[in-house]
Amino acid sequence: MASVSQEAGAVGRKRQTRSTSAILLNFLGSMNLAITLLVAICIASVIGTVVQQNQPYEDYLSKFGPFWFPIFDNLGLYDVYSAMWYLAMLAFLVVSVSVCLARQTPGMLREMGKFREHQQERSLRAFSNHREWRTTLSPDEVETVAARALKHNGMRMRRKDRGDAVLLAGMAGSSNRIGYILTHLAIVVICVGGLVDGNLMLKYREWTGDLTLETRNIPVSQIGDESRIPPGRGSFRGMVNIPEGAAARVVFLPLRDGYIVQELPFRIEVEEFRVEHWDTGEPSLFESDLIITGSGIDEPIHHTLRVNHPLIIDGYAIYQSSFGDGGSTLNLRGWSLLGDGAEPLNIEQKVSSREQIEFADGSLTLELTEFETFNTRRVPGTESREMEELGPSFEYRLRGTDGSAREFHNYMRPVDIDGRKFFLSGMRTTPQEPFRYLHLPADRNDRPDTFLFFHDALSSEQRLRDASERGARVAMREFGLDQEELVPQVAATGRELARQLLDEGLGSVMTELESRMAGQGEEETRQSLVMFSRLVLERTLWEAFTDARTAAGDDPERELGESDQVFFQDALSTIPALAEYGVPLFLELDSYNHRQATGLQIARAPGANIVYFGSALLVAGILLLFYVSHRRVWCWIRSDGGRTMLLVAGANQRDPLSFERKFGVLGEEFDKRLKAAESTTGRHGSGDA
Amino acid sequence: MSTPQETMAVGFDERGFLRRLSAFDWIWALVFLAATIYASVTFAPWMDRYEQGILYLSWATLVGVGWMWKPARIFSAALALVALFAVARYPDLAAAQSDFFLNYLLSSQAAIMWMCALFLAATPVYFAGLLLRSEFLNKLGTALTWLASGAGFLGLLVRWWESYLIAPEVGRIPVTNLYEVFVLFAFTTALIYLYYEHRYKTRAMGGFVGLIISASIGFLLWYHFAQGAHEIEPLIPALQSWWMKIHVPTNFVAYGAFAIAAMIGVAYVIQARNPQKWQERGLPSAEVMDDLMYKNIALGFAFFTIATILGALWAAEAWGGYWSWDPKETWSLITWLNYAAWLHLRFTKGWRGVPMAWWAIIGLFVVTFTFLGVNIFLSGLHSYGEL
C-alpha cells in the first residue's frame with residue numbers, strides 16, 4: 001500500500017500512455033482506495049455491534065416493525081459480517097493490499113541492496129544533515145576512521161573510487177523494508193485464513209440449492225439429507241446441547257433464521273455434567289464427562305471437558321461452552337384463580353416441552369421454557385442490592401386458544417423480604433419487557449395455600465356471601481344492632497365493598513364511602529355510618545380469611561398474633577394486583593427431577609494455522625517497521641590543498657527528527673575519532689570546515 | 001576492538017550495549033532472576049508450564065526495560081521491597097485493618113487511594129510548572145507521578161495477594177474487571193509517559209497526560225464509592241486462564257500509549273493557535289510533539305496488534321474460534337484500522353500537523369468506546385465489567 005510520495009507523482013504522469021488494465025491496477029493499488037476502504041470497513045463494522053447479530057428473527061421483527069424488518073434483512077444487517085457487501089469490501093482491501101505488495105516489493109528488495117554510490121559532493125551538501133571536516137590526516141587514514149565509525153553504527157558499506165575522491169556509502173536498517181512487506185503480506189495471509197474458516201462455502205451451497213436451511217424445531221432423525229453435511233475436510237463451527245446420559249453425533253450450524261446439520265465422524269456421549277458455584281452465584285467451574293466413540297477411534301475416549309481446555313480429536317476441536325436444562329421433569333400444582341374452589345391440578349411435564357391443560361375456563365397450552373436450580377441474585381421487585389440465593393425457579397408460557405401468550409417466572413420457595421416471606425411470580429406479556437413480580441404471602445407453613453384459599457373465598461360468589469353474612473352479624477353485634485332482617489342488606493354492602501377493595505384497593509373504598517354518605521344527616525351520623533360500613537367490610541374479609549385458614553389446615557380457634565395480622569394485610573394488598581395476572585392459573589413447583597445438558601461447541605478450523613502464521617508475520621513486520629529505522633550515511637573523502645576533506649551526509653525518510661539527533665551524535669563521534677587519530681599520528685589541526 | 005583504556009583516551013565509548021552495562025545493572029538483573037527462580041520453585045504447585053513461562057518472560061521484559069530505561073531499575077527494586085514488606089505483614093485479611101502500615105499505606109485499598117490522590121495532585125503541579133516556568137514544580141510533578149505509579153502498581157500487587165487470602169481458589173491476577181484495569185490503565189499510562197519524559201527531556205506534557213489519568217481516577221473513585229466495585233469477586237470459568245496475564249496488560253500498554261498520543265494531540269492543537277506564545281511558555285516545538293505523538297501511536301499500535309492476536313488465541317481456546325465478531329472484537333478491529341489509516345497517511349502521504357493531532361484525539365474516543373463503551377452499551381462475550 002505504501003507508495004513513496006515522489007513515486008506516486010511519477011506514476012500519475014505516465015498514466016496517459018497506459019492500458020486500461022494498468023489504470024485499473026493503478027487504482028486498486030492506490031493509497032486513496034486503501035484508506036477509503038479502511039475507513040469504510042470501520043464504519044460498516046460499527047453496524048454489526050449496534051444491531052445485535054444472529055438473533056431470532058421474531059426479535060428483529062418486533063424491534064424494527066414490519067416495514068423496516070425486510071429492508072434490513074435484505075441489507076444483511078442481521079449478519080453483517082457475512083453479508084455480500086461487507087465481504088466484498090474485505091475482498092477489495094485484500095486485492096488492494098496485494099496489488100500494492102506486488103508493485104512495491106521488487107523495488108524495495110532492489111532498494112535494500114542499493115548503496116546509492118552515485119552521489120556527488122554537491123548533492124551531499126544539499127542534505128539537511130551534513131557536516132564537514134578538514135584534517136591533517138591522509139585520505140587513507142580518514143577512510144579508515146570513517147569506515148570504523150560507520151561499522152560501529154551498524155552500517156553495511158560500499159566503497160567507490162570517484163577519481164579524486166573516495167565515497168563510502170553506508171546503510172543500516174534495511175530490514176525496515178522487510179517490515180513493510182511482512183505487514184502487508186500478513187494482512188493477505190490472515191484474510192485468506194479467515195476465508196477458509198468462514199461460512200462462505202456453506203452460503204454458496206445454500207445459494208446453489210445444494211443445501212436447504214432447516215428452520216423447524218424437530219428431532220435430528222427427521223431432518224432430511226438436504227439440510228445435512230456429511231463429515232468432511234471443510235471448516236465449520238457449530239453448537240450442540242447434549243443432556244446427561246444422552247449422545248450426539250451432529251452439531252448445528254446456525255445460519256440466519258435456521259440451521260444446517262453437520263455430521264461428525266464420532267459420537268459424543270455425556271456421562272455426567274457438573275457445575276459448581278461461587279458464593280456470588282456465578283459458576284466457578286463446569287465440566288462434562290464425555291465418552292467419545294467412532295469408527296476411527298479404537299478405544300472409547302473418556303475425557304472430562306472443561307472451559308478453556310478444549311479436546312482436539314483429528315482436527316475437530318470440542319469446547320465446553322455452556323450448559324442448560326436437559327429436560328428436567330417438574331411436578332407442578334396448578335391453582336385456579338377463578339374462585340371455583342377447584343382442587344389444584346397436578347401436572348408433570350418436562351422442561352422444553354408443551355402440553356395442553358384442560359381447565360375450567362377452557363384449554364391452555366403450557367410451554368415450560370426454563371428451569372434453574374440456583375438463582376443468586378437481587379430479590380426481584382425490591383430495591384435491595386444484596387445478592388441472595390433464591391433457590392429453584394422456572395419459566396413458562398401460557399398460551400390461550402387465540403394464540404396470545406404470557407410469560408411467567410416463578411420461584412419454588414418463598415423469599416424473605418423484610419422478615420416476611422413471599423412467593424414470587426413474575427409475569428410479562430412480551431419477551432422484551434422485564435418481569436413484574438407478584439408477591440404472594442406465604443403462610444405459617446411456608447405454603448401459598450392460605451393466600452390462594454383466601455383469594456378463592458373472596459372470588460367465589462357463594463363463599464363470599466356466607467362470609468359477608470357472618471361478618472355482618474358480627475359487625476352488627478359489635479355495633480349494638482340486633483335486627484336479623486337487616487343482615488342481608490348489610491351483608492350486601494359488605495360484599496360490594498369487598499369486591500371494590502379487591503379490584504381497586506382500600507383508598508378507593510374509603511373515597512367511595514365518604515362520597516356515598518355525603519349529604520346524609522348530621523356529621524356525627526355520617527361518621528358512625530362510615531365506621532360501621534368499614535367494620536362490616538373488615539369482618540367480612542376476616543371471616544373469609546378464617547375460612548381460608550381452615551381450608552389450609554390451620555386451627556380456626558387458634559389465638560392469632562401479629563404475624564397473622566401482617567399476613568392478612570399483605571394478602572389484601574396483593575389480591576388487587578392479581579387482577580393484572582392475566583391468566584387464572586398459578587403454577588407452583590412442588591418437586592423436580594433435575595437433568596442437565598451440556599452445551600458443546602465443536603469446530604474444525606483448518607484456516608486457523610494460516611491465520612496464526614499471518615499474525616506472526618504481522619507482529620514481526622510491525623516491529624521491523626517501527627523500531628528499525630532505515631538510514632543512509634555517505635562519507636566523501638578527498639585531498640584538499642595538503643589537507644583532507646571529509647564530508648559526511650545522512651538521510652532517513654521515515655523518522656527525520658530522531659535521525660537529526662542521531663546524526664548529531666554521529667558527527668560528534670566522527671569528531672572524536674578524527675582527533676584521536678590525529679593525536680596518535682602526532683599531526684594536529686583538524687576541525688570543522 | 002577498542003579496549004576501555006582506549007575509550008578513556010578518546011572520550012568515546014565504543015563498547016557494545018551489554019559491555020556498557022554497569023555492575024548495578026547486572027546485580028539488579030541477577031537479584032530479580034534469583035527472586036524469579038525462587039517464586040517459580042516455591043509456587044510451582046500453583047502454576048502450570050505456561051504460567052512458569054510467563055513468569056520468566058516477565059523477568060526478561062523487566063530486565064530489558066530496566067537496561068534501556070535506567071530509572072525503571074530503582075522503581076522496580078523499591079516496588080518489590082515494599083510489596084514484600086506488605087505481604088510479610090499480611091497473614092490474613094483482618095490485618096488490613098489492624099496493621100498500621102497496611103491500614104494507611106500498603107493494603108490494596110490504601111495504596112490505590114494514595115495513587116488516586118497523588119495523580120490528582122501531580123496534574124495541577126505539572127500545569128503550574130508549565131505556566132509559571134518553574135523547574136521545581138515540574139520536578140515535583142515528576143516525583144508525584146513516580147510515587148503515584150508506584151502506589152498503583154503496589155495496590156495491584158497487594159491485591160493479588162489479597163485475592164489468595166480470601167480463599168486460595170479465588171486467587172488470581174488482578175486485571176480481571178473494570179475496577180482493576182482502571183488502576184492498571186492509570187499507572188501504565190503514567191509509566192509510559194515517564195519514559196518519554198525521560199527520553200525527550202521535557203516535562204511540559206505532564207499536565208496534559210495528567211488530565212487523562214485524572215479522568216480515569218475520577219471514574220475509578222465513582223466506581224469505587226457509588227458501585228462498591230473494589231470488592232474482589234471470584235472468576236467465572238471462561239476467565240480462569242493464564243492468557244489473562246498477558247492479554248490484558250498488553251492491551252493496557254496500548255491503551256495507555258494511545259491516550260498519551262491523544263493528550264499530546266490536545267497540546268499540539270492548543271499550541272497551533274499561537275505557536276510563539278506557547279513555545280515561550282515551554283511547550284516543545286510542533287516537530288517534537290508530532291514525533292512524540294507518532295512514537296506513542298506506533299508503540300500503541302504494536303502492542304494493540306499483539307494484544308488482539310493474544311486475544312484471538314485465547315478466544316480460540318475458550319470460545320472455540322479465534323474470531324467471533326463479538327462487539328469487543330469488532331471494536332478492536334475498528335480501533336486497529338483507525339490507527340492503521342493514521343499511520344499510512346503519515347508514512348506515505350507525509351501528513352503532519354493539526355489534522356493528525358485531531359485524528360489522534362478522535363482515536364482516543366474510539367479507544368475509549370472499545371475499552372469502556374462496549375461493556376456499557378453493547379452485550380457480548382466480553383461483558384465482564386458491566387457497570
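1. Digging into the overall build of chain B
Move 1: Helices and strands together make up the secondary structure of chain B, namely 15 helices and zero strands.
Move 2: For chain B, the C-alpha radius of gyration of 22 Å lies close to 21 Å, the compact-globule estimate for 387 residues.
Move 3: Here the C-alpha coordinates of chain B stretch approximately 60 × 60 × 45 Å along the principal axes.
Move 4: With 387 residues in all, chain B has 44% of them scored as buried.
Move 5: Pairs at least 24 residues apart make up 74% of the contacts formed inside chain B by residues separated by at least 6 positions.

2. A word on the overall build of chain A
Move 1: Within chain A one finds 17 helices and 27 strands.
Move 2: Taken against the 2.2 N^0.38 rule, which gives 26 Å for 689 residues, the C-alpha radius of gyration of chain A at 43 Å runs more than 25% over that of a compact globule.
Move 3: With respect to the three principal axes, the spread of C-alpha positions in chain A is 145 × 70 × 55 Å.
Move 4: When the 689 residues of chain A are sorted by exposure, 31% land in the buried category.
Move 5: Within chain A, counting contacts between residues at least 6 apart in sequence, those at least 24 apart form 64% of the total.

3. A few points about unusual backbone geometry
Peptide bonds are mostly trans, and most non-glycine residues show a negative phi.
Move 1: Its identity as a non-glycine residue notwithstanding, aspartate 418 of chain A has a phi of 50°, on the positive side.
Move 2: On the secondary structure map, aspartate 418 of chain A appears in the loop between β20 (415-417) and β21 (420-428).
Move 3: Look at lysine 201 of chain B: it is not a glycine, yet its phi comes out positive at around 50°.
Move 4: As for its position among the elements, lysine 201 of chain B is in the loop between α9 (178-200) and α10 (206-227).

4. Overview of the pairing of strand β25 (residues 631-640) of chain A
Residue and element names in this part refer to chain A.
Move 1: Judged by how many residues are buried, β25 sits mostly within the fold: seven of 10 residues are covered.
Move 2: Across eight bridges, strand β3 (residues 165-172) lies against β25 in antiparallel orientation. Each residue of the ladder has a partner; that of valine 166, found in β25, is isoleucine 637.
Move 3: Judged from the nine bridges that link them, β25 and strand β26 (residues 643-651) form a sheet pairing that is antiparallel. Bridge pairing links aspartate 640 to arginine 643 in β26.
Move 4: Linking β25 back to β26 in an antiparallel pair, the connection comprises two residues, with glycine 641 at a positive phi of about 55°.

5. A look at helix α12 (residues 487-504) of chain A
An α-helical turn contains 3.6 residues, so any two residues separated by three or four positions project in the same direction.
Residues and elements named next belong to chain A.
Move 1: Counted at 1.5 Å a residue, the expected span for α12 with its 18 residues is 26 Å, and the 25 Å between its end C-alpha atoms agrees.
Move 2: For α12, every residue scored as buried is listed here: Val490, Ala491, Thr493, Gly494, Arg495, Leu497, Ala498 and Leu501.
Move 3: Those residues of α12 hidden inside the fold are in contact with α10 (449-459), α11 (461-479), α13 (506-517) and α14 (523-551).
Move 4: One or two steps after α12, the chain reaches glycine 505, where phi turns positive at roughly 95°.

6. Focus on the sheet that holds strand β23 (residues 585-593) of chain A
Two orientations exist for strands paired in a sheet by backbone hydrogen bonds: parallel and antiparallel.
Residue and element names in this part refer to chain A.
Move 1: Taken in spatial order, the three strands line up as β13-β12-β23 in an open sheet, and their pairing is antiparallel. Lying at the two open borders of the sheet, with one neighbouring strand each, are β13 (345-350) and β23. Here the strands of the sheet are splayed against their neighbours by 30° on average, with no regard to which way each runs.

7. Section: the pairing of strand β15 (residues 362-372) of chain A
Move 1: With six bridges connecting them, strand β14 (residues 354-359) of chain A and β15 of chain A associate as antiparallel partners. Residue pairing across strands places glutamine 356 of chain A opposite threonine 365 of chain A, the latter belonging to β15 of chain A.

8. Looking at the nonpolar core
Move 1: Counting 156 residues, the largest nonpolar core has Met115, Ala186, Phe258, Ile264, Met293 and Ile297 of chain B as its most contacted members.
Move 2: In terms of residue count, the dominant contributor to this core is helix α13 (residues 286-318) of chain B (19 residues).
Move 3: Mapping this core onto the domain boundaries places at least three of its residues in each of domain 1 (5-112) and domain 3 (200-234 + 236-326 + 597-604) of chain A.
Move 4: Isoleucine 297 of chain B has contacts with Phe258, Ala261, Tyr339, Trp342, Leu343 and Ala360 of chain B, leaving out every residue within four places of it along the chain.
Move 5: By size, the runner-up hydrophobic cluster in this structure holds 55 residues, among which are Leu330, Val351, Val379 and Leu587 of chain A.

9. Topic: the interface of chain A and chain B
Move 1: Every contact between the two is made by 51 residues of chain A and, on the other side, 44 residues of chain B.
Move 2: Among the secondary structure elements, those contributing two or more residues to the side of chain A that touches chain B are α3 (31-50), β8 (283-294), β11 (316-325), β24 (596-604), α16 (608-627) and α17 (656-681) of chain A.
Move 3: The residue makeup of the side of chain A that touches chain B, split by class, is 30 nonpolar, 15 polar and six charged.

10. Describing the environment of leucine 589 of chain A
All names here are of chain A.
Move 1: Among the structural elements, leucine 589 can be located in strand β23.
Move 2: The class for leucine 589 is partly exposed, based on 19 C-beta atoms found within 10 Å.
Move 3: Non-local contacts of leucine 589, meaning those with residues more than four positions away in its chain, are made with Leu330, Leu332, Pro392, Phe394, Asn410 and Met412.

11. Section: α11 of chain A
All names here are of chain A.
Move 1: Look at α11: 26 Å from first C-alpha to last across 19 residues, which is about the 27 Å you get at 1.5 Å a residue.
Move 2: On its buried side, α11 packs onto α10, α12 and α14.
Move 3: After α11 finishes, the residue glycine 480 shows a positive phi value of roughly 80°.

12. Observations regarding the environment of arginine 177 of chain A
Residue and element names in this part refer to chain A.
Move 1: Secondary-structure assignment places arginine 177 in helix α8 (residues 175-197).
Move 2: In this structure arginine 177 comes out as buried when scored by C-beta crowding, with 22 C-beta atoms within 10 Å.
Move 3: The sequence separation of arginine 177 and leucine 337 amounts to 160 residues, and the corresponding C-alpha distance is 80 Å.
Move 4: Setting aside residues no more than four positions away along its own chain, arginine 177 makes contact with Met108, Glu111, Met112 and His630.

13. Here's the deal with the packing of helix α7 (residues 108-131) of chain B against α9 of chain B
Residues and elements named next belong to chain B.
Move 1: Running from N to C, α7 and α9 point in directions that differ by 45°, and their axes come no closer than 11 Å. In terms of their interaxial angle, α7 and α9 are classed as oblique. The crossing of α7 and α9 is left-handed. Touching Ile112, Met115 and Phe119 of α7 are Val183, Ala186 and Phe187, all from α9.
Move 2: Looking at side-chain class alone, the contact of α7 with α9 contains six nonpolar, no polar and no charged residues.

14. Here we look at the packing of helix α4 (residues 71-88) of chain B against helix α8 (residues 135-166) of chain B
Residues and elements named next belong to chain B.
Move 1: Interaxial distance between α4 and α8 falls to 10 Å at its minimum, and their mutual angle equals 40°. By the angle between their directions, the pair α4 and α8 is classed as oblique. Handedness of the α4/α8 crossing: right-handed. Contacts between α4 and α8 involve Phe75, Ala78, Leu79, Val82, Ala83, Ala86 and Val87 from the former and Trp146, Gly150, Phe153, Leu154, Leu157, Val158 and Trp161 from the latter.
Move 2: Looking at the contact of α4 with α8, its residues break down into 13 nonpolar, one polar and no charged.

15. Here we look at the confidence of the model for chain A
Residue and element names in this part refer to chain A.
Move 1: In this model, chain A carries a mean pLDDT of 86, and residues with pLDDT of at least 70 account for 96%.
Move 2: Mean pLDDT across the secondary structure elements of chain A bottoms out at helix α1 (residues 5-14), with 43, and peaks at α16, with 94.
Move 3: Contacts for the low-pLDDT stretch residues 1-15, under 50 throughout, to residues beyond four places or in other chains number 22 contacts.

Basis of the calculations
Residues numbered from 1 in each chain as written. Chains lettered and ligands numbered in written order. Predicted model: local features only at pLDDT ≥ 70, side-chain atom pairs only at ≥ 80, totals over all residues. Helix = DSSP H or I, 4+ residues; strand = E, 2+ residues; numbered from the N terminus. Rg over C-alpha atoms; globule rule 2.2 N^0.38 Å. Buried ≥ 20, exposed ≤ 12 C-beta atoms within 10 Å, placed from the backbone. Contact = placed C-beta atoms within 7 Å. Pairing = 2+ DSSP bridges. Expected span 1.5 Å × (residues − 1). Axes fitted to C-alpha atoms, helices over the stretch in contact; angles between N-to-C directions. Core = buried A, V, L, I, M, F, W, Y, C linked by C-beta atoms within 7 Å. Domains from an automatic or database assignment. Nonpolar A, V, L, I, M, F, W, Y, C, P; charged D, E, K, R; others polar. Parallel < 35°, antiparallel > 145°, perpendicular 65-115°, else oblique. Left-handed = near helix turned anticlockwise from the far one by under 90°. pLDDT = per-residue confidence, 0-100.

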